[in-house]
Amino acid sequence: MKPLEGVKVVDLTTFLAAPTCARVLGEWGADVIKVESGKGDPGRTQGAVFGMPYTDEENLGFDMSNMNKKFMTINLKNPKGKEVMDKLLTNADVFITNIRSKSLKKLGLDYETVAEKYPQIIWTQCLGYGEAGPEKDSAGFDVTCYMARGGVYGTTVNKGGDPMIPTNGFGDFQVSLCLASGICAALYNRNRTGKGDKVTVSLHHAAVFMLSTGMVSAQYGNQYPKSRYEVIAPTNNVYRTKDDKLLAMCAPEYDRDFNKIMTLVGREDLIDHPDYSNCDHMNELGKNREVVEILDNAIGQFTLEEILKIFKSNDVPCEICMTPMDVYDDEQVWANDVMTKLDCPSGQRNIPLNPVKFGSFKPDVKVTKAQGTDTEDIMKELSYDEAQIEEYIAEGAVQGKKALGV
């Protein structure tokens, strides 16, 4: 039995962070119903932005946030549509949304209204900037709220260079698991108290938290952005090998490992060097650049394969800086179910699974379906008969299956 079997989730979400949270809950066994407006989740066509196909038959850009769900289309501005939504919420354990608070209020789906009518619900909202402050009603996307305002772009750039170009949704997918953790904690507490709760996560707050080391240390003078020549411990850095590959090394116990690393790269002459071998003293003297340049030159004499073998056999943590194409061929990925393969019209395609593992079951995924595919079946489960379903469809309160682009 999966840990969330029996939990009913109503998903009123778009794009990436919030819907991915619901996807993860579905992967853990929850029964997730995604409610879309007549226009549908704009995430269905984000393949255009991601550089991928987007059809009802092959749409991994939508799958990655919406697998393991049922799909229903409701017009929430229609009285009968609102009635259907009310019936869904009557039986729900969790309501997830990223709709802005002002719009939720107009729809009668704000926390205060929902909590009063359905006190058992875990009401969950993904926000851009949080519930207060001057930006509380501003549109929220991970590029603006997470990467920019949250400090990621400003701290991860090599000083003097341009900000990194991350894959779309880099912050969104991290936030999705923050939301999922809050929901699970609230469900646990409800089992003890019988009461639902309100769970919110903002993209902005999540980014600041993920940068905790930088956020805390900056006030002590550890300022970002910084050059790779300014890193406090040169044994925590990225180096280029003889065959023009990037190697990431992470040996944080600098004082302990300095002599070993210098020996491994052929610089035994620097063992116990008075200016270099102690991290605090090296920083006091401002010798960071010199040590980085020494390692640049030394590591540059080896191919990636050679230096990986030397370092790994001597327990120096290091790895190739992989691209997605490299990850596809990584045996570590497939040995640990990091990704799975989906059969698509264009052939087998790879898609990541969420990183949380349980001993009680193996992960699986159910790909997405066309908008409104499950509308009629869900209405039958809500005790609507065939005549009522036809009436509600005819009046535009709900919609049945609708092909993408129609």
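Predicted model, so just to flag it, every value in this text is computed and none were measured.

Analysis parameters
- Residues numbered from 1 in each chain as written.
- Predicted model: local features only at pLDDT ≥ 70, side-chain atom pairs only at ≥ 80, totals over all residues.
- Heavy atoms only, no water.
- Helix = DSSP H or I, 4+ residues; strand = E, 2+ residues; numbered from the N terminus.
- Polar contact = N/O pair within 3.5 Å; in protein donor to acceptor, adjacent residues only side chain to side chain.
- Patch = residues over 30% accessible without salt bridge, like charges linked within 9 Å, V, L, I, M, F, W, Y side chains within 5 Å.
- Areas by Shrake-Rupley, 256 points an atom, 1.4 Å probe, with all protein chains shown as cover.
- Salt bridge = Lys/Arg side-chain N within 4 Å of Asp/Glu carboxyl O.
- Pairing = 2+ DSSP bridges.
- Contact = heavy atoms within 4.5 Å.
- Axes fitted to C-alpha atoms, helices over the stretch in contact; angles between N-to-C directions.
- Core = buried A, V, L, I, M, F, W, Y, C linked by side-chain atoms within 4.5 Å.
- Buried < 20%, exposed > 50% of the residue type's maximum accessible area, 1.4 Å probe, protein only.
- Phe/Tyr/Trp six-rings, centres within 6.5 Å; stacked < 30°, edge-to-face > 60°.
- Lys NZ or Arg CZ within 6 Å of the ring centre and 35° of its normal.
- Expected span 1.5 Å × (residues − 1).
- Arc of directions from axis to C-beta.
- Lys, Arg positive; Asp, Glu negative; His and termini not counted.
- Charge placed at Lys NZ, Arg CZ, Asp CG, Glu CD.
- Parallel < 35°, antiparallel > 145°, perpendicular 65-115°, else oblique.
- Nonpolar A, V, L, I, M, F, W, Y, C, P; charged D, E, K, R; others polar.

Considering the arrangement of structural elements, one finds tyrosine 239 in strand 7 (residues 236-240). Counting along the chain gives 165 residues from tyrosine 239 to leucine 404, while the straight-line C-alpha distance between them is 46 Å. Of note is the side chain of tyrosine 239, whose polar atom sits 2.5 Å from the backbone oxygen of proline 234.

Quick look at a nonpolar patch on the surface now. There is a patch of nonpolar side chains on the surface, built from Met215, Val216 and Tyr220 and spanning about 360 Å² of accessible area. Its place among the elements puts methionine 215 in helix 11 (residues 212-217).

Glancing now at the sheet that holds strand 2 (residues 31-36). Sheet strands associate in pairs through backbone hydrogen bonding, adopting either a parallel or an antiparallel arrangement. Read across the sheet, 7 strands follow the order 6-5-4-1-2-3-12 without closing on themselves; strand pairing throughout is mixed. Single-partner strands in this sheet number two, and they are strand 6 (197-202) and strand 12 (398-399). Alignment of strand 1 (residues 8-12) against strand 2, held across 4 bridges, turns out to be parallel. By the bridge assignment, lysine 8 is partnered in strand 2 with aspartate 31. The strands touched by helix 9 (residues 170-193) are strand 4 (94-97), strand 5 (122-127) and strand 6; relative to strand 5, the strand with the most contacts, the crossing angle is about 160 degrees.

Our next topic: the nonpolar core. The biggest cluster of nonpolar side chains holds 35 residues, and the ones touching the most others in it are Val9, Leu25, Val94, Ile96, Tyr146 and Val175. Other than its neighbours up to four places away in sequence, valine 9 contacts Leu25, Ala30, Asp31, Val32, Ile33, Val94 and Ile96. Counting 29 residues, the second-largest nonpolar core is a separate cluster that includes Leu247, Val291, Val292 and Leu295.

Two to three positions downstream of the cap, the backbone nitrogen of alanine 387 sits 3.2 Å from a side-chain oxygen, assigning the N-cap of helix 19 (residues 386-394) to aspartate 385. Glycine 396 occupies a position one or two residues after helix 19 and carries a positive phi of about 80 degrees.

Let's shift gears to the packing of aromatic side chains. Applying the stated rule across the entire model yields 7 aromatic pairs. Consider the rings of phenylalanine 358 and phenylalanine 361, whose centres lie 5.4 Å apart with planes at 20 degrees: the pair is stacked. We classify phenylalanine 358 as partly exposed; its relative accessible area is 31%. We classify phenylalanine 361 as buried; its relative accessible area is 15%. In textbook terms, an aromatic cluster arises when at least three aromatic residues are bridged by ring pairs, as seen for Trp28, Phe358 and Phe361. Just above the ring of tyrosine 384 sits the side chain of lysine 87; from NZ or CZ to the centre is 4.2 Å. A cation over an aromatic ring shows up here: lysine 226 above the ring of tyrosine 224, its NZ or CZ 4.8 Å from the ring centre.

Among the structural elements, valine 356 can be located in the loop between strand 11 (347-352) and helix 18 (375-381). Looking at valine 356, the relative accessible area reads 36%, which means it is partly exposed. For the pair formed by valine 356 and tryptophan 28, sequence separation is 328 residues and the distance between their alpha carbons is 9.3 Å.

Moving on to helix 4 (residues 79-90). Here helix 4 is 12 residues long and its end C-alpha atoms lie 16 Å apart, about the 16 Å a rise of 1.5 Å per residue gives. Those residues of helix 4 not exposed but buried are Gly81, Val84, Met85, Leu88 and Leu89. Within helix 4, the buried residues cover an arc of 140 degrees as seen down the axis, which keeps them to one side. Backbone nitrogen of lysine 80 and a side-chain oxygen of the N-cap are separated by 2.8 Å at the start of helix 4; the cap is asparagine 78.

With that settled, the discussion passes to the pattern of salt bridges. Enumeration over the complete set of coordinates arrives at 29 salt bridges. As a salt-bridge pair, glutamate 58 and arginine 349 come within 3.9 Å of each other at their nearest N and O atoms. A residue pair is termed long-range when its members are at least 10 positions apart, and glutamate 58 in the loop between helix 2 (47-50) and helix 3 (60-66) and arginine 349 in strand 11 qualify at 291 residues. Overlapping salt bridges, with partners in common, bring together Lys8, Asp31 and Lys70 in one network.

In this section: a negative patch on the surface. A contiguous patch of negative charge on the surface is contributed by Glu376, Asp377, Glu381 and Glu390. Take the negative patch: its biggest share by element is 3 residues, from helix 18. Checked against the element boundaries, glutamate 390 lands in helix 19. A relative accessible area of 56% means that glutamate 390 is categorised as exposed.

Further remarks concern the packing of helix 9 against helix 10 (residues 203-210). Think of two packed helices as two axes; the pair is described by the angle between the axes and how far apart they sit. Helix 10 packs onto helix 9 with a crossing angle of 95 degrees between their chain directions and a minimal axis gap of 10 Å. Classed by the angle they form, the pair helix 9 and helix 10 counts as roughly perpendicular. Seen from helix 9, the contacting residues are Asp172, Gln174, Val175 and Cys178; seen from helix 10, they are Leu203, Ala206 and Met210. In terms of residue class, the contact of helix 9 with helix 10 is built from 5 nonpolar, 1 polar and 1 charged.

Before going further, it helps to spend a moment on the side chain of asparagine 68. Within the fold, asparagine 68 resides in the loop between helix 3 and strand 3 (70-74). Beyond its immediate stretch of four places on either side in the chain, asparagine 68 contacts Arg23, Gly26, Glu27, Val32, Asp364, Val365 and Lys366.

Here the focus is unusual backbone geometry. Excluding glycine, residues mostly carry a negative phi; peptide bonds, for their part, are mostly trans. Omega for the peptide link from tyrosine 224 to proline 225 comes to 0 degrees, which places this bond in the cis form. The phi dihedral of aspartate 337 falls on the positive side, at around 55 degrees, and the residue is not glycine. Mapped onto the fold, aspartate 337 is located in the loop between helix 17 (331-335) and strand 10 (339-344). The exposure class of aspartate 337 is partly exposed, given its relative accessible area of 28%.

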